[in-house]
Amino acid sequence: MSSWLSRITGTREAQFAATAVVSGAVVAGAILGYQHVRRQERVEDLKGSIPGWGSESAKLTDFGSASTVLSKEDERSARLAERAQKGDYDDELILEQLARNRVFLTNDGLQKLRSAFIIVVGCGGVGSHCTAALARSGVSRIRLIDFDQVTLSSLNRHAVATLADVGTPKVLCLKRRLQQITPWVHFDLCNELYRPEAAERLLGEWEGRKPDYIVDAIDNIDSKVALLEYCYKNNLKVISSMGAGCKSDPTRIFIGDISASTDDPLSRSTRRRLRAVGISSGIPVVYSTEKPGPGKAQLLPLPEEEFKKGSVGDLGVLPDFRVRILPVLGTMPAVFGYAVANHIILKVTGYPSEYLPAKGREKMYDTILAQLQGYEERLARATTPGEDAQGFKLGVSASDVGYIVEEVFRGKSVISGIPTRLALVRWQKPSPGSTMDLSVPGQKNSKVKLGQLVCMTKEEAAVHMKEVVEGGREVESMYDREIVGLVEQRLREEGEFEKYR
């Protein structure tokens, strides 16, 4: 064996081959070593160019708010960010910081993310975590919109705020802290309340570019609905976070269409208001299916002494803003915020995503509408002698049916609580006279209004139609006091929401 090796290695060809292998290894090692040294030099140059640390640090004022004087750390970060945003920051360092995302999303996907322009409206618990995730993932242009300031009580759920930030605007806090992590990100700060009259400016272009996505992380219902309505009607991509308050189970958080969101008061109110302006679906939301129950957190009641002081509305920081405390487990807004950011990252980069679909109920609405049509035609013939029901029209659409069933009666029978085989029927016997409107020549319309309808199962509706609507029996003698009270409460709620329709 040894003699064979001697003969092989003793040949001129083998010697040339060995020399080539050794030379190649030496050259490769030299190249890799040079690249490593150059990378280290760039890192050291960058570190050396950052202004030095000082002995001063940010302090709280006597009132607990942040000092207006920037700390040395913030000054260093601001100077570095200013340089980086002018292009004086090695792109290879940025790519190295984003290396894991780059491998996951591919070069093309990461480039799309780096060139994206995202607007975040609401920079509290959900919005701050979403913003931090987007900046860390590579988004280079972010507009932040929020009127509020960092408070001590918000530190349990804010992504980056510190004690030194208490009293500072949330938008400024996010910019300062994230500049220390991703100095190349451009931030556009709008320290103001989102309002409809400013929508075009706040959600408009930035240096000629429209937003790729808008994040709704608002917890005020009026502002939330106004934002979503504007985005929907102006074809702006938006994703909305529903309520994280009083939630504790992260396994019940889903991403889906707003029409599928359930078991969340903020979601229900938002859906109801949007349906009133003709929007029933087409907006992706992050929501929780967790149900309230014994021992779980609930919205804290306002102390009685506050009511005695006068108008409760005067206690809010702004008109129509909540004045009661909403219990929030600090981890849940973070989960909501990261789910929102994850959705945006996937959609902007074109990464494949397939969420669990929500069960559609449109066919059910059509069936309920057809049955209501039959009931109203039967009633019209009985109350309008000499007229048939041919060409009889209801002033109710399938969308209206969905609104009444899902938003007013929570998707189940008000009598038994059963969520299947549903129907709509009048709650009370109509007033004396015809239920058919003949005021327009050649047209026969029903006089029924949405606020007169209740949701029952088909079997319950058939009995109710016969006994109450046609038979004249009082609902108080047909149902117990609890059911009658619940129906009246739901119909009153509908009356209050009628102004939004």
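None of the values given here were measured: they were computed from a predicted structure.

Calculation notes
- Residues numbered from 1 in each chain as written.
- Predicted model: local features only at pLDDT ≥ 70, side-chain atom pairs only at ≥ 80, totals over all residues.
- Heavy atoms only, no water.
- Helix = DSSP H or I, 4+ residues; strand = E, 2+ residues; numbered from the N terminus.
- Buried < 20%, exposed > 50% of the residue type's maximum accessible area, 1.4 Å probe, protein only.
- Contact = heavy atoms within 4.5 Å.
- Areas by Shrake-Rupley, 256 points an atom, 1.4 Å probe, with all protein chains shown as cover.
- Pairing = 2+ DSSP bridges.
- Axes fitted to C-alpha atoms, helices over the stretch in contact; angles between N-to-C directions.
- Phe/Tyr/Trp six-rings, centres within 6.5 Å; stacked < 30°, edge-to-face > 60°.
- pLDDT = per-residue confidence, 0-100.
- Core = buried A, V, L, I, M, F, W, Y, C linked by side-chain atoms within 4.5 Å.
- Expected span 1.5 Å × (residues − 1).
- Arc of directions from axis to C-beta.
- Parallel < 35°, antiparallel > 145°, perpendicular 65-115°, else oblique.
- Nonpolar A, V, L, I, M, F, W, Y, C, P; charged D, E, K, R; others polar.
- Salt bridge = Lys/Arg side-chain N within 4 Å of Asp/Glu carboxyl O.

Q: So what about the overall build of the chain? Which residues, and what values?
A: The number of helices and strands found in the chain is 17 helices and 12 strands. Scored against the burial criterion, the 501 residues of the chain give a buried share of 42%. For the chain, the proportion of contacts with a sequence separation of at least 24, taken over those separated by at least 6, is 74%. Surface summary for the chain: the accessible area is close to 26700 Å², and the carbon and sulfur share equals 53%.

Q: Please provide a residue-by-residue account of the sheet that holds strand 7 (residues 284-288), values included.
A: If you walk across this open sheet you meet the seven strands as 3-2-1-4-5-7-6, and the pairing is mixed. Strands with a single pairing partner mark the edges of an open sheet, and in this sheet they are strand 3 (186-190) and strand 6 (253-257). For this sheet the average axis-to-axis angle between neighbouring strands, irrespective of direction, equals 20°. Strand contacts of helix 7 (residues 170-179): strand 2 (141-145) and strand 3, with the helix running at about 165° to strand 3, the strand carrying the most contacts.

Q: Pulling in residues and values, what's your account of the packing of aromatic side chains?
A: Counted under the stated rule, the structure contains four aromatic pairs. Here the aromatic rings of phenylalanine 117 and tryptophan 206 are separated by 5.4 Å at their centres, their planes lie at 75°, and the arrangement is edge-to-face. With phenylalanine 117 in strand 1 (residues 117-121) and tryptophan 206 in the loop between helix 8 (199-202) and strand 4 (213-216), this pair connects stretches of sequence that are 89 residues apart. Tryptophan 206 matches phenylalanine 117 in its accessibility class, with the two residues each being buried.

Q: Would you mind going over the confidence of the model for the chain in detail, with residue names and values included?
A: On average, residues of the chain score 81 in pLDDT, and 78% of them are at 70 or above. Mean pLDDT in the chain bottoms out at helix 11 (residues 304-308), which sits at 46, and peaks at strand 1, which reaches 98. Every residue in residues 50-67 is under pLDDT 50, and counting partners more than four places away or in other chains gives 28 contacts.

Q: Explain the nonpolar core residue by residue, including any values.
A: Formed by 46 residues in total, the largest nonpolar core has its most connected members in Ile118, Leu134, Ile142, Leu144, Val215, Val286 and Ile344. Those residues in contact with valine 215 that sit more than four places away from it in its chain are Ile118, Ile119, Val120, Val121, Cys130, Ile239, Val340 and Ile344.

Q: Could you give an account of helix 3 (residues 72-85), with specific residues and numbers?
A: Its 14 residues place the ends of helix 3 20 Å apart at the C-alpha level, agreeing with the 20 Å of an ideal helix rising 1.5 Å per residue. Taken together, the buried positions of helix 3 are occupied by Asp74, Arg76, Ser77, Leu80, Ala81 and Ala84. Around the axis of helix 3, the buried residues are gathered within 160° of arc, so they sit on the same side. Positioned one or two residues after helix 3, glycine 87 has a phi angle of 100°, which is positive.

Q: If you had to explain unusual backbone geometry to someone new, which residues and values would you point to?
A: The phi angle at glutamate 207 is positive, at roughly 55°, despite the residue not being glycine. For glutamate 207, the location among the structural elements is in the loop between helix 8 and strand 4. A residue is classified by how much of its surface remains accessible, and glutamate 207, at 64% relative accessible area, is exposed.

Q: I'd like a description of the pairing of strand 12 (residues 453-457), backed by residues and values.
A: The element strand 12 is largely enclosed, with a buried count of five among its five residues. Burial along strand 12 is two-sided: the face carrying Leu453, Cys455 and Thr457 and the face carrying Val454 and Met456 are both buried. Strand direction decides the pairing type here: strand 9 (residues 422-426) and strand 12, joined by five bridges, are antiparallel. Its bridge partner being in strand 12, valine 425 is matched across the sheet by valine 454.

Q: How would you summarise the packing of helix 3 against helix 7 if you had to cite specific residues and measurements?
A: It is at 8 Å that the axes of helix 3 and helix 7 come closest, and there the two elements cross at 80°. Judged on the interaxial angle alone, helix 7 and helix 3 are roughly perpendicular. Where helix 3 approaches helix 7, its residues Asp74, Ser77, Ala78, Ala81 and Gln85 are matched on the opposing element by Arg176, Arg177 and Gln179. When grouped by side-chain class, the residues that make up the contact of helix 3 with helix 7 number two nonpolar, three polar and three charged.

Q: Go over helix 15 (residues 458-469) with me, naming the residues and quoting the values.
A: Taken together, the buried positions of helix 15 are occupied by Glu460, Ala461, His464, Met465, Val468 and Val469. Axial view of helix 15: buried residues confined to an arc of 135°, hence all on one face. Tucked into the core, helix 15 has its buried residues touching helix 13 (362-383), strand 9, strand 12 and helix 16 (475-478).

Q: So what's going on with the pattern of salt bridges? Which residues, and what values?
A: Tallied over the entire structure, the rule returns 25 salt bridges. Of the charged contacts, one joins glutamate 493 and arginine 272 as a salt bridge, the two residues approaching to 3.4 Å between their closest N and O atoms. Residue glutamate 493 is located in helix 17 (residues 481-497), and its partner arginine 272 is located in helix 10 (residues 265-276); the two are separated by 221 residues in the primary sequence. Residue glutamate 493 shares its accessibility class with arginine 272, and that shared class is buried. It is possible to trace a salt-bridge network through shared partners that takes in Glu192, Arg195, Glu197 and Arg201.

Q: Account for the environment of glutamine 373, naming residues and giving values.
A: Checked against the element boundaries, glutamine 373 lands in helix 13. Residues in contact with glutamine 373, not counting those within four places in the same chain, are Phe392 and Leu394.

Q: Go over the environment of glycine 204, please, and point to the residues and values.
A: Relative to the helices and strands, glycine 204 resides in the loop between helix 8 and strand 4. Residues glycine 204 and isoleucine 119 lie 85 residues apart in sequence; the distance between their C-alpha atoms is 9.6 Å. Ignoring sequence-local partners within four residues, the contact set of glycine 204 consists of Phe117, Ile119, Arg143, Ala199 and Pro211.

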